[in-house]
Amino acid sequence: MDALDRLAEPGLDLLRRVDHLLATGAPEGHRLWPLLRRMQVLPGDALRAFLDLQPAPLATAGHAVRRLVRGYDDACAALTDPGLWTGPAASAYDEARSALLRHLDEGPESLVGRIESTAGYADALAHWVEGSRLAVARMLAEVLGSAEAVRVLAATAPGGNSATGAGAAAEIATRVLSVLGVAYDGAETLLRQWSPSLTESAWRASTGGPVRYDGVTRVGR
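Attention in this report is confined to the structure presented alongside it.

Calculation notes
Residues numbered from 1 in each chain as written. Predicted model: local features only at pLDDT ≥ 70, side-chain atom pairs only at ≥ 80, totals over all residues. Heavy atoms only, no water. Helix = DSSP H or I, 4+ residues; strand = E, 2+ residues; numbered from the N terminus. Buried < 20%, exposed > 50% of the residue type's maximum accessible area, 1.4 Å probe, protein only. Contact = heavy atoms within 4.5 Å. Areas by Shrake-Rupley, 256 points an atom, 1.4 Å probe, with all protein chains shown as cover. Axes fitted to C-alpha atoms, helices over the stretch in contact; angles between N-to-C directions. Parallel < 35°, antiparallel > 145°, perpendicular 65-115°, else oblique. Left-handed = near helix turned anticlockwise from the far one by under 90°. Nonpolar A, V, L, I, M, F, W, Y, C, P; charged D, E, K, R; others polar. Core = buried A, V, L, I, M, F, W, Y, C linked by side-chain atoms within 4.5 Å. Arc of directions from axis to C-beta. Phe/Tyr/Trp six-rings, centres within 6.5 Å; stacked < 30°, edge-to-face > 60°. Patch = residues over 30% accessible without salt bridge, like charges linked within 9 Å, V, L, I, M, F, W, Y side chains within 5 Å. Salt bridge = Lys/Arg side-chain N within 4 Å of Asp/Glu carboxyl O. Lys, Arg positive; Asp, Glu negative; His and termini not counted. Charge placed at Lys NZ, Arg CZ, Asp CG, Glu CD.

### Points about the overall build of the protein
- Within the protein one finds 9 helices and 2 strands.
- Each helix (α) and strand (β) of the protein, taken in turn from the N terminus, gives the series α-α-α-α-α-α-α-α-α-β-β.
- Taken across its 221 residues, the protein has 36% of its residues classed as buried.
- Taking contacts inside the protein between residues at least 6 apart in sequence as the whole, the part at least 24 apart equals 76%.
- For the protein, the exposed surface amounts to about 12,400 Å²; the carbon and sulfur share of it is 58%.

What follows is the structure, encoded as structure tokens:
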């Protein structure tokens, strides 16, 4: 359990009240409006969805993916020995063996390269979730102790003045959606940065003539 988990219950209760006050609209011209148009969600629902993001499963996925490299290492070791035989068949086998070695583990575009990139992306996402949850927790702690929170609680109590609380609710909503917007911007940045390294690993055939193996003739490129 981290700081955000500990603040989740009081935070969601406050934001439920905020959402209730905003159901009839935020004050005209308030800086909340651009955030609502961008995020397309009220702050309570936004926080509820964000709480489901946890770093541990992503970190575990990164470790699990890296363990796959051992199998590729074993396959590459078995392909390293070119054999002692000679002749056309041996040459064809050597070309196929070399091409397969390149495809398995030679550079970032190989299968191993893509595995390492996938694990790295999972690690980066785990760090993003951890840092974003801390930022949201800090914001919630400030909001829960703010004068706006007091006004929202008073406005949503029996007999409270909802008109007075609407402005306070808009201020809280602005802070919540602003921090969550920055967090999601970080996720989109990570995706743009890692996308080139996460594409399918294309087969890189040899540059020689036709190579026949496993009953299939492949023409080198």
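Now that the structure is up, let's keep going.
### Considerations on the packing of helix α1 (residues 3-22) against helix α9 (residues 162-194)
- At their nearest, the axes of α1 and α9 sit 8 Å apart, and the two run at 120° to each other. Between α1 and α9, the angle falls in the class oblique. Both α1 and α9 take part in a crossing whose hand is left-handed. Along the contact surface, α1 presents Leu14, Leu15, Val18, Leu21 and Leu22, while α9 presents Ser162, Gly165, Ala166, Ala169, Ala170, Ile172, Ala173 and Val176.
- Among the residues forming the contact of α1 with α9, the class breakdown is 11 nonpolar, 2 polar and no charged.

### Describing the nonpolar core
- One finds Leu4, Val18, Leu22, Leu32, Val152 and Ile172 to be the most contacted residues of the largest nonpolar core, which totals 40 residues.
- Sorting elements by how many residues they give to this core places α9 first, with 11 residues.
- Once residues lying within four places of it in the same chain are set aside, the contact partners of Leu32 are Leu22, Ala26, Ala170, Ala173, Thr174 and Leu177.

### Observations concerning helix α3 (residues 43-50)
- For α3, the complete set of buried residues consists of Pro43, Gly44, Ala46, Leu47 and Phe50. Each buried residue of α3 lies within a common arc of 160° when the element is viewed along its axis, so the set occupies one face.
- Elements in contact with the buried residues of α3: α1, α7 (111-144) and α9.

### With respect to the packing of aromatic side chains
- In the structure shown here, the tally under the stated rule is 2 aromatic pairs.
- Summarising the aromatic geometry, the rings of Tyr121 and Trp194 are spaced 6.2 Å apart at their centres and angled 45° between planes, so their arrangement reads as tilted. Here Tyr121, found in helix α7, pairs with Trp194, found in helix α9; they are 73 residues apart in sequence, far enough to count as distant.
- Assessed through its relative accessible area of 17%, Tyr121 is described here as buried.

### Considerations on a negative patch on the surface
- A grouping of Asp73, Asp105, Glu106 and Glu116 is seen on the molecular surface, where their side chains present a negatively charged patch.
- When you line up the elements, Asp73 lands in helix α5 (residues 69-80).
- Take Asp73: its relative accessible area is 36%, and that puts it in the partly exposed class.

### Observations concerning the pattern of salt bridges
- Counted by the stated rule, this structure contains 10 salt bridges.
- Asp5 is the partner of Arg133 in a salt bridge, and the nearest nitrogen-oxygen pair spans 2.9 Å. With Arg133 in helix α7 and Asp5 in helix α1, this residue pair connects regions lying 128 residues apart in the sequence.
- With a shortest N-O distance of 3.2 Å, Arg175 and Glu142 are connected by a salt bridge. Of the two residues, Arg175 sits in helix α9 while Glu142 sits in helix α7, which places them 33 residues apart along the sequence.
- Three or more residues joined by partner-sharing salt bridges are found here, namely Asp2, Asp5 and Arg133.

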